[in-house]
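Structural overview for review
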Amino acid sequence: MAVTLEVTPTRKRRPLVVEHLDSPKISDTKLIRSLFFASQELSHTQPLKFILRRNSQSIIRKVKILAAVFDELLLRSHMVYSQSAQLCFEEMNIVMQRMKTLIEDCTRSSKLWLLLQIENVSFSFHELLTDLSTVLDILPVSDFNLSEDAEDLIFLLKKQCSGSVQFVDPRDNGLRRKVTDTIDGIKHQIVPDQSNLIEIFNDLGLLDSASLIEEIQRLEDETHDQIDERSRIAAASLIGLARYANCVLYGPSTPSPHPDFRRYKSLSEANIPADFRCPITLELMRDPVVVSTGQTYDRESIDLWIKSGHSTCPKTGQVLKHTNLIPNSALKNLIVMWCRDQKIPFEIYGDGGVGSSTPCTEAVEFTRMMVLFLIDKLSSAESNHVVFELRALAKSDSVARACIAEAGAIPKLVRFLGSDSPSLQINAVTAILNLSILEQNKTRIMETDGALNGVIEVLRSGATWEAKANAAATLFSLASISTYKRRLGRKVRVVSGLVDLAKQGPTSSKRDAFVAILNLAAERENVGRFVEAGVVQAAGDAFRELPEEAVSVVEAIVRKGGLMAVSAAFGLIRQLGEIMREGGDTTKESAAATLVTMCRKGGSELVAEMATIPGIERVIWEMIGTGTARGGRKAASLMRYLRRWAAGDIHETAATETQSIVVPTPSRISNPVL
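Residues numbered from 1 in each chain as written. Predicted model: local features only at pLDDT ≥ 70, side-chain atom pairs only at ≥ 80, totals over all residues. Heavy atoms only, no water.

**Examining the packing of aromatic side chains**
Rules: For this analysis, a ring pair means two rings from Phe, Tyr or Trp (six-membered ring only for Trp) whose centres lie within 6.5 Å, classed as stacked if their planes differ by under 30 degrees, edge-to-face if by over 60, and tilted for the remaining angles. Under the scheme applied here, a residue whose accessible area is under 20% of the maximum for its type counts as buried, over 50% as exposed, and between as partly exposed, the area being computed with a 1.4 Å probe on protein chains only. By the criterion adopted, a ring carries a charge over it if an Arg CZ or a Lys NZ lies within 6 Å of its centre and within 35 degrees of its normal.
Counted under the stated rule, the structure contains seven aromatic pairs. For the pair Tyr81 and Phe89, a centre-to-centre distance of 5.4 Å together with 90 degrees between the ring planes defines the contact as edge-to-face. Judged on exposure class, the residue Tyr81 and its partner Phe89 are both buried. Among the aromatic residues, those joined into a cluster by ring pairs are Phe70, Tyr81, Phe89 and Phe144. Over the face of the ring belonging to Trp465 we find Lys468, whose NZ or CZ atom lies 4.6 Å from the ring centre.

Printed below as a string of structure tokens:
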């Protein structure tokens, strides 16, 4: 939760006019009752515990005085107040709400961040007292007929507010100096003194690993809330300090069974908004760019489209006036924030995106020291805890992934892939998965002796489904490099392992297997091996369980494969027709595209089989009329195939392959039933 800082010159401000209030006009009695309850609530608020304690206590004490005055006014229910008094009361209500909000924000905020912003936050407390003093100066107290004691309280409160000055508690200032000195020392590679770290975090009330982990999460939220580069660098330095202290003071974390920490959520597990998908690949855009027609595509996809010789916009068909690609920074930032909320990893490419700044020196150095500390303990009895900590650190950001790999952790992690301990095996393979997100680490993993074979062995015979799924996700990550895609696809154990996982695993594991298969199937030479391993049947069996992933796999296999792939998918034609009738937009498009490819490659036998699906023409017409643009185009192609087949204009496939598809030929279809 970010603390809202109002950094303005110290001055007394006139009360706000009534029109600026959010609350509607209320009666005098209700207004006084509202003020009484607000002051009571605020006066019973606990002051901040570890920093800004004196500042919060000062405000709470003054509100307690107000509560006593409003208590007496509440007893005078017959009184009618002047307009100026009402204006003062309404402004006072706003000031108290701001006081409450500031204290709540400070309570929820990161303590380290508050400490770094101590002067600004102290000014915010002082400014509220200044505003309260302004209201008290013009409050017509003589009109209220108060008791002598109540008038004395208001006089005392006026004196206290008018005499208040901005101050920073010397204790808070000294603590801030210790933190900044520690961070400055890191710039010169000075290892922080452990006793000094203990003193800092004890004074902040961060007394155990759990509280420090919560503090790190708050700092990460703070980083995303900052706009300027300087503030982000400051927050990153504090995150590095907190992580290092947590590791050194409290040791490696205990592996947690909490499902949210299993690993990053897979993209296939998330419901990606349509606007975040590239129109060409239908995958999440990493670097969205705008072409001359105003359409947005992922840079890699549209770049490949243009380099392939196309001069038109894939979505609209318009001729591109130029081939300049303009970054869509606004959309990119939205995608980054969505990925953050969904716990999906998102590596930032290019400039202008959230988090695209260069890592600060202090944060890198803290991370480097922490990694060296952990790797030094890998051979100890608590190796599982250490691997878990490396797994968690590799999950955090690119700086950590680079530091871990550069410190030589990958060969050490590989040793644990064959562990008899299910927990240690899961932590090891997931750590390698998280490291593989960084592009240069993919090469390190592929070139490390035993790393690839170790991951493959976990995929085939891992101790748990989670370990197998994370091994599949690792292969998916490595296969994002085209040369590795071909290398992995040539390994029979990779192909059979992924297909077996897709057949036998639980839903989440099947999803990871299908996503990895889809990536590898992008290489034409890999497709035949997957067909022989039975991937088409595995995908068909998963149509109901995982429709989007399974249909996408069949589409890719049929598109990239030859007649053997089409023959393998022949038995799925009716199911694909059902998906066109009942599926979501993405699966309908994919099913229609699959059938178009099969009709084109398979000839009249395939069209004849499709024609036997009850109501297929109605489904096609509905898709043409109400489907997406791509889905409508594919449906129109299917209708043309059906019309030509009905007219006897489609003959046997002209493919040169020796395989043939032998199926019963149904009678010609009649006119469409609309």
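**A closer look at the packing of helix 5 (residues 118-138) against helix 6 (residues 148-162)**
Where we set the bar: All axes are obtained by fitting lines to C-alpha atoms, using only the stretch in contact for helices, and the reported angles, taken between N-to-C directions, cover 0 to 180 degrees. To qualify as a helix, a DSSP run of H or I must reach at least 4 residues; to qualify as a strand, a run of E must reach at least 2; elements of each kind are numbered from the N terminus. For classification, angles of less than 35 degrees are called roughly parallel, those exceeding 145 degrees roughly antiparallel, those between 65 and 115 degrees roughly perpendicular, and all remaining angles oblique. When the near helix sits turned anticlockwise from the far one by under a right angle, the crossing is termed left-handed; a clockwise turn instead gives a right-handed crossing. A contact between two residues is defined here by any heavy atoms of the two lying within 4.5 Å.
Viewed as axis vectors pointing N to C, helix 5 and helix 6 meet at an angle of 140 degrees, and their least axial separation amounts to 9 Å. The angle between helix 5 and helix 6 places the two elements in the oblique class. At the point where helix 5 passes helix 6, the crossing takes the left-handed sense. On helix 6, the residues that touch Leu129, Leu132, Ser133, Leu136 and Asp137 of helix 5 are Leu157, Lys158, Cys161 and Ser162.

**Thoughts on the environment of Leu424**
Examined against the element boundaries, Leu424 turns out to sit in helix 17 (residues 422-436). Judged by relative accessible area, Leu424 falls into the buried class, the value being 8%. Expressed as a C-alpha distance, the spacing of Leu424 and Leu413, which sit eleven residues apart in the sequence, is 9.9 Å. Beyond its immediate sequence surroundings of up to four residues, Leu424 is in contact with Ser383, Asn384, Val387, Phe416 and Ser419.

**Concerning helix 1 (residues 28-43)**
For clarity, the cut-off: Multiplying one less than the number of residues by 1.5 Å gives the expected span of a helix. This arc corresponds to the set of directions leading from the helix axis out to the C-beta atoms.
Taking 1.5 Å as the rise per residue, helix 1 with 16 residues should run 22 Å; its terminal C-alpha atoms sit 22 Å apart, in good agreement. All of the buried residues along helix 1 are Asp28, Leu31, Ile32, Leu35, Phe36, Ala38, Ser39, Leu42 and Ser43. Across the axial projection of helix 1, the buried residues extend over an arc of 165 degrees, all falling on one side. Turned more than 90 degrees away from the buried face of helix 1, the exposed residues are Lys30 and Phe37. Those residues of helix 1 that are buried are in contact with helix 2 (53-75) and helix 3 (83-108).

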